[in-house]
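An overview of the molecular structure
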Amino acid sequence: MQTTDKENLIRKNNMKIFPWYKMFSWDLLFFYAISFLFLTDIKGLTPAQVILTDAFYPFFKFVLQPISSIIISKVGKRNSLIFANSLINVYLVLIIFSNGFENVVFATFFCSFGYVIKNMCEANFLYESVPHCKKRGEIFSKLDGKGFAYFYLFDGITSFFTGFSYVINPYLPIIISIILNSIAIFLSTQLQEIPKDDTESLKSKDNRSMLQVLKEFIRNFRYGFRYVHKSPRLRSLIMIYSIFYGILVLTLPLRRSLLKEMSVSAENFGIIFAILGVIAAISANRQNLIHKLFRNRTISVLTIPYCISCIVIGLLPFFNLNYSFWVVMIAFALQFIIRGPFYTLIKRYMNNFSTSKARDKIYSVATFFESLSAFLVTALGSLLVEWSNSSYAFLIIGILSTIIILLVLSYMKTRVGLKPEEYKKSEIEMLNLK
């Protein structure tokens, strides 16, 4: 495919900046490690309420997907990323001034708004920035994995100091988080829009009305469902991604809730997540190696041990062991090893064999199901913590998720991980839309 010198420079610029952008933008640096302590100790929320606010996060993402699609269509992916990262800062400012559960939920609306736009843009933006070549998927994974590695390493370093800054002043980590996210906003301004599969002008604008864009979103969403329904491979990938994403989202607050129940201090909170962040960074940077080692067993190797680790954590109260804290730490470390490369690899598999037009539809459907799954799973987790405690929540979620994941993996066995020539010709043609 022919590309201009200007477009090649744009692609090189985006590929150079994106890993650094992701380091600052993937999640809330500084605030993440102590957010549970801040909301419970300073804002007065119960552990169940904190987890319930995390359930509102995917619910709002689910509701805001159509308007997010309109924004992306009207202003482009690059400008959408600038807007989305700005919304994250609005969330952080609102959290500082929030009092009570309702205000925190209101602040979460802006966080969800920012991240649903980012989820719909970032992976596709990077994939479009990679030149069309045989190793496009591998280059995408390398760059995206590098971004994850940078983030987890930086998150590990900053988390070490988070607990100590929290002790000095509980609002200090949030202020630092706003500063670091502002760097993400600046880096997103340095990215440049490129045409989709060379079919659009670099200066093309969407002059359609918002109603027309909304109708286009609904039509594309319906077509996206049709693609997923007709493609056993895509259907399988989105099923496993949505379910496992829900588990990943729930275990974020459950880990922090469990540490609080174990009377871990704020300083040690930071140190623990610093170590876990470094572990995730190393793992994320090895995602290509993981793919090459396990090939069509990669998803099984990542998902099953994660679910089993939840069961192990949940069983600890039944055994009065002096070293249970270290068992929890080992289980957490395993979870971060898996979490590191999972996002990059699953999106690499969804990107395979597709064009930009098809990927827009695929990500739209994937975002719909990931948000729905995360809302349902996290709401269940909130009820379990309210009813019992974090350990029992880990046990029940671990058992249920293991059963469901095994069933989905059995379904996927003959549908995912095949060679290109082993897929039906109609499925490959369907994903190569122009």
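Report follows, based on the coordinates. Worth saying up front: this structure is predicted, and the values here are computed from it rather than measured.

Let's talk about the overall build of the protein chain
- Scanning the protein chain for helices and strands turns up 15 helices and zero strands.
- A burial count over the protein chain gives 56% of its 434 residues as buried.
- Long-range pairs, those at least 24 residues apart, make up 87% of the contacts in the protein chain with a sequence separation of at least 6.
- Counting only carbon and sulfur atoms, one obtains 65% of the accessible surface of the protein chain, whose full area is about 18,500 Å².

Description of unusual backbone geometry
- At F30, a residue that is not glycine, the phi angle is positive and equals roughly 75 degrees.
- Assignment of secondary structure puts F30 in the loop between helix 1 (5-25) and helix 2 (31-42).
- For F30, a relative accessible area of 9% translates into the label buried.
- Although it is not a glycine, S263 adopts a positive phi angle of roughly 60 degrees.

With respect to the packing of helix 8 (residues 232-261) against helix 11 (residues 298-315)
- Contact geometry of helix 8 with helix 11 gives a least axis separation of 11 Å together with a crossing angle of 35 degrees. Judged by the twist between their axes, the crossing of helix 8 over helix 11 is left-handed. Of the residues in helix 11, those in contact with L237, I240, F244, I247, L248, T251, R255 and L258 of helix 8 are I299, L302, T303, Y306, C307, C310 and I313.
- The class makeup of the residues in the contact of helix 8 with helix 11 is 12 nonpolar, two polar and one charged.

Structural notes on empty space enclosed by the protein
- Considering all chains together, one arrives at five cavities of 30 Å³ or more under this definition.
- What the largest cavity holds in volume is close to 640 Å³.
- As for the largest cavity, its lining consists of 30 residues, of which D27, Y57, C111, Y115 and L252 are closest to the centre.
- Put simply, the parts of the chain that give the lining of the largest cavity at least two residues each are helix 2, helix 3 (47-97), helix 4 (101-129), helix 8 and helix 12 (324-351).
- Here the lining of the largest cavity gets seven residues from one element, more than from any other, and that element is helix 4.
- Among the residues making up the lining of the largest cavity, the classes are represented as 18 nonpolar, four polar and eight charged.
- Taken as a whole, the second largest cavity encloses approximately 60 Å³ of empty space.
- Around the second largest cavity, the lining residues are K22, W26, K118, N119, E122, A123, D144, F148, Y343 and K347.

The rules behind the values
Residues numbered from 1 in each chain as written. Predicted model: local features only at pLDDT ≥ 70, side-chain atom pairs only at ≥ 80, totals over all residues. Heavy atoms only, no water. Helix = DSSP H or I, 4+ residues; strand = E, 2+ residues; numbered from the N terminus. Buried < 20%, exposed > 50% of the residue type's maximum accessible area, 1.4 Å probe, protein only. Contact = heavy atoms within 4.5 Å. Areas by Shrake-Rupley, 256 points an atom, 1.4 Å probe, with all protein chains shown as cover. Axes fitted to C-alpha atoms, helices over the stretch in contact; angles between N-to-C directions. Left-handed = near helix turned anticlockwise from the far one by under 90°. Nonpolar A, V, L, I, M, F, W, Y, C, P; charged D, E, K, R; others polar. 1 Å grid on protein atoms, 1.4 Å probe; cavity = no way out; pocket = protein on both sides within 12 Å on 5 of 7 lines; lining within 4 Å. Points joined across faces, edges and corners; volume = space filled by probe spheres on them.

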